[in-house]
Amino acid sequence: MKNLTTLSRILVGSLFIVSGLIKANDAIGFSFKLNDYFAPDVLDIAFLIDFTYPLAVFICIAEIMLGLSVLIGAKMQLTAWSLLLMIFFFDGLTFYSAYFNKVTDCGCFGDAIKLTPWESFYKDVVLTILILIVFAFRSKVTYHSKKENMFFLPLSLLLISLFSYFILEWYYPIIFSFILFLGVVLVNKFVLKDKQQWTLASYAFLVSSLFSYYTYAHLPLKDYRPFAVGKNISDDMKLPNGAKNDVYEDIWKYELNGDVNDYSTEDKPWEIEGALFVDRITKLISEGDHPPIHDFSIESDIIGDITDSILSVPNALLIVTYDLNKSNNDALSKVDSLVKDLSNQNISFAALSATTEEQKIDILSKNNISMPYYFTDETTLKTIVRSNPGVLWLKEGSIINKWHHNDIPSSDELINLYLN
């Protein structure tokens, strides 16, 4: 049983560190996913919607801390109970999502790995089994000696490295885990023995919090979304040749001799003598291919759809503000000044928002914003850039760069970078 417990702890610890880090890389995106779960048509927990970002960050940090704790045998009673309660929570969430088909992507690994609701649930079932093993033998695990750490930590780092290289295509989890594990070595070397475990908990909390804050105040280090730098929006709105289409089946309901029966199209129920049409239901049999970007458009109240004109110009600056009511007003003014400074350059501008026209006029007027705003779907805007507002530079539809409002370059810097 000792070998099974050891294997379970290494797998659980490594997975929790990676899972927490991926979500912390884009905690804003994870908070949007929690919004989906708490929505009225899903779990209907409206009072939590205002706290989704703090809750998202808490879950990310908790996963990383628990992952490290189970690897080094720290506070195993507390660690094992916390793991068990957390996985039971996720089990219930993913089962509900899968069974009722409410949220089609759990966000377990952010946008890095897309899982169907049932795949998410089965993944959690396997993880639950591993955690139950850890829980059952928690009393036999003590805080690790140097020798035990020299076995557990390198093995965990190897697993994280393989996962990062082959699955995530991102090396930062290796660096982050190395920093965490280095902290274990240093704390055990220089801190008094009775203070080591809580010191390490504080250290893991601090490192995880700093990473979460950085990705909040700037942008995710790794962007797995279809609007990442280097992507071409125009190209990704098209399906390649040979792509599969959705397959649908019509279910025909006809009444015959007082009974309503279901028929397929091949049955040709309309040819049955005495049958009366009641209803037709179209059912999706198999889902086909979809383009990576399928809901991007720029709408003008005056001239209509201007998407193609923006995506075809040599240089375009997109200002993305999914909700002007929640935007940083100082940043809006900063972006407005940037647009004015670049107005004499050969650049097209498009400020995008999903805010209603009445609210838009009021907010722009109060902040003395002169640039016109166009309409784009709110979910799409949230996907494009995790900043409100954020800025993108496009060349013929290709995303050359994107910035959080804290990092927007000056007009001179942009001219030197992209126009000279």
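To be clear, the structure that these remarks concern was listed above.
Read on for a plain summary of the structure. (Residues numbered from 1 in each chain as written. Predicted model: local features only at pLDDT ≥ 70, side-chain atom pairs only at ≥ 80, totals over all residues. Heavy atoms only, no water.)

Here we look at the overall build of the protein chain
Okay, so step 1: Along the backbone of the protein chain there are 14 helices and 10 strands.
Okay, so step 2: In the protein chain, which comprises 420 residues, the proportion classed as buried is 48%.
Okay, so step 3: Within the protein chain, residue pairs in contact and separated by at least 24 positions form 72% of the contacts whose partners lie at least 6 positions apart.
Okay, so step 4: About 22000 Å² of surface is accessible on the protein chain, with carbon and sulfur atoms providing 58% of the total. (Helix = DSSP H or I, 4+ residues; strand = E, 2+ residues; numbered from the N terminus. Buried < 20%, exposed > 50% of the residue type's maximum accessible area, 1.4 Å probe, protein only. Contact = heavy atoms within 4.5 Å. Areas by Shrake-Rupley, 256 points an atom, 1.4 Å probe, with all protein chains shown as cover.)

Focus: the layout of surface pockets
Okay, so step 1: Estimated volume of the largest pocket: approximately 1100 Å³.
Okay, so step 2: Taken together, 41 residues form the lining of the largest pocket, with Lys33, Asp105, Asp111, Lys114 and Thr383 sitting closest to its centre.
Okay, so step 3: Contributions of two or more residues to the lining of the largest pocket are made by α1 (2–25), α2 (27–38), α5 (117–136) and α13 (378–384).
Okay, so step 4: Here the lining of the largest pocket gets six residues from one element, more than from any other, and that element is α2.
Okay, so step 5: Estimates place the volume of the second largest pocket at around 570 Å³.
Okay, so step 6: Around the second largest pocket, the lining is made up of 24 residues, and of these Ile28, Phe32, Tyr216, Tyr322 and Asn388 lie nearest the centre.
Okay, so step 7: Where the lining of the second largest pocket is concerned, the elements lending two or more residues are α2, α3 (52–72), α8 (196–217) and α13.
Okay, so step 8: The dominant element in the lining of the second largest pocket, judged by the number of residues it contributes, is α2, at four residues. (1 Å grid on protein atoms, 1.4 Å probe; cavity = no way out; pocket = protein on both sides within 12 Å on 5 of 7 lines; lining within 4 Å. Points joined across faces, edges and corners; volume = space filled by probe spheres on them.)

Considering the nonpolar core
Okay, so step 1: Residues Val12, Phe16, Ile72, Ile131, Leu180 and Phe181 are the most contacted members of the largest nonpolar core, which totals 59 residues.
Okay, so step 2: Listed by contribution, the elements that provide at least two residues to this core are α1, α2, α3, α4 (76–100), α5, α6 (146–168), α7 (172–190) and α8.
Okay, so step 3: Not counting chain neighbours up to four residues away, the residues in contact with Ile72 comprise Arg9, Thr142, Tyr143, His144, Asn149, Leu153, Val184 and Leu200.
Okay, so step 4: Listed in part, the 26 residues of the second largest apolar core include Val313, Ala316, Leu352 and Leu392. (Core = buried A, V, L, I, M, F, W, Y, C linked by side-chain atoms within 4.5 Å.)

Thoughts on α6
Okay, so step 1: Under the 1.5 Å per step criterion, the end-to-end length of α6 is 30 Å for 23 residues, consistent within 8% with the ideal 33 Å.
Okay, so step 2: What α6 keeps buried is the set Asn149, Phe152, Leu153, Ser156, Leu157, Ile160, Ser161, Ser164 and Leu168.
Okay, so step 3: Looking at the buried side of α6, the elements it contacts are α1, α3 and α7.
Okay, so step 4: Immediately downstream of α6, the backbone of Glu169 shows phi near 55°, a positive value. (Expected span 1.5 Å × (residues − 1).)

Re α4
Okay, so step 1: Over its 25 residues, α4 runs 36 Å from end to end, which matches the ideal 36 Å to within 8%, given 1.5 Å per residue.
Okay, so step 2: Asn101 sits one or two positions beyond α4 and adopts a positive phi of about 50°.

Things to note about the packing of aromatic side chains
Okay, so step 1: With the rule as written, the count across this model stands at 27 aromatic pairs.
Okay, so step 2: With a centroid separation of 5.6 Å and an interplanar angle of 55°, the aromatic rings of Phe89 and Phe90 are classed as tilted.
Okay, so step 3: For the pair Phe176 and Phe211, a centre-to-centre distance of 6.0 Å together with 55° between the ring planes defines the contact as tilted. Of this pair, Phe176 sits in helix α7 while Phe211 sits in helix α8, placing them 35 residues apart in sequence. Note on accessibility: Phe176 and Phe211 belong to one class, buried.
Okay, so step 4: Taken together, the ring pairs in this structure connect Phe95, Tyr96, Tyr99, Phe100, Trp118, Phe121 and Tyr122 into an aromatic cluster.
Okay, so step 5: It is Arg138 that lies over the ring of Phe135; its NZ or CZ is 4.0 Å from the centre.
Okay, so step 6: Above the plane of the ring of Tyr224 lies Lys222, whose end atom (NZ or CZ) is 5.5 Å from the centre. (Phe/Tyr/Trp six-rings, centres within 6.5 Å; stacked < 30°, edge-to-face > 60°. Lys NZ or Arg CZ within 6 Å of the ring centre and 35° of its normal.)

Observations concerning the packing of α6 against α7
Okay, so step 1: Remark: α6 packs on α7, axes separated minimally by 9 Å, with the N-to-C direction vectors making an angle of 170°. Considering their axes alone, α6 and α7 lie roughly antiparallel with respect to each other. On α7, the residues that touch Asn149, Leu153, Ser156, Leu157, Ile160, Ser161, Ser164 and Leu168 of α6 are Pro173, Ile174, Ser177, Phe178, Phe181, Val184 and Asn188.
Okay, so step 2: Its residues assigned to classes, the contact of α6 with α7 shows nine nonpolar, six polar and no charged. (Axes fitted to C-alpha atoms, helices over the stretch in contact; angles between N-to-C directions. Parallel < 35°, antiparallel > 145°, perpendicular 65-115°, else oblique. Nonpolar A, V, L, I, M, F, W, Y, C, P; charged D, E, K, R; others polar.)

Focus: the sheet that holds strand β2 (residues 259–263)
Okay, so step 1: If you walk across this open sheet you meet the three strands as β2-β1-β3, and the pairing is antiparallel. Among the strands making up the open sheet, the edge pair consists of β2 and β3 (276–286). Sheet twist, expressed as the mean angle between neighbouring strand axes with direction ignored, is 25°.
Okay, so step 2: Where strand β1 (residues 247–256) meets β2, five bridges bridge the pair, whose relative direction is antiparallel. Paired with Lys253 across the two strands is Asp262, which belongs to β2. (Pairing = 2+ DSSP bridges.)

Some details on the pairing of strand β9 (residues 390–395)
Two faces make up the sheet, and in a regular strand the side chains alternate between them.
Okay, so step 1: The buried count for β9 comes to five of six residues, which makes it a mostly enclosed element.
Okay, so step 2: Pairing geometry for strand β6 (residues 316–320) and β9, over five bridges, is antiparallel. From the neighbouring strand, Leu317 faces β9, where its bridge partner is Trp393.
Okay, so step 3: In this structure, the hairpin formed by β9 and strand β10 (residues 398–404) is closed by a connection of two residues, where Glu396 is found at a positive phi of approximately 50°.

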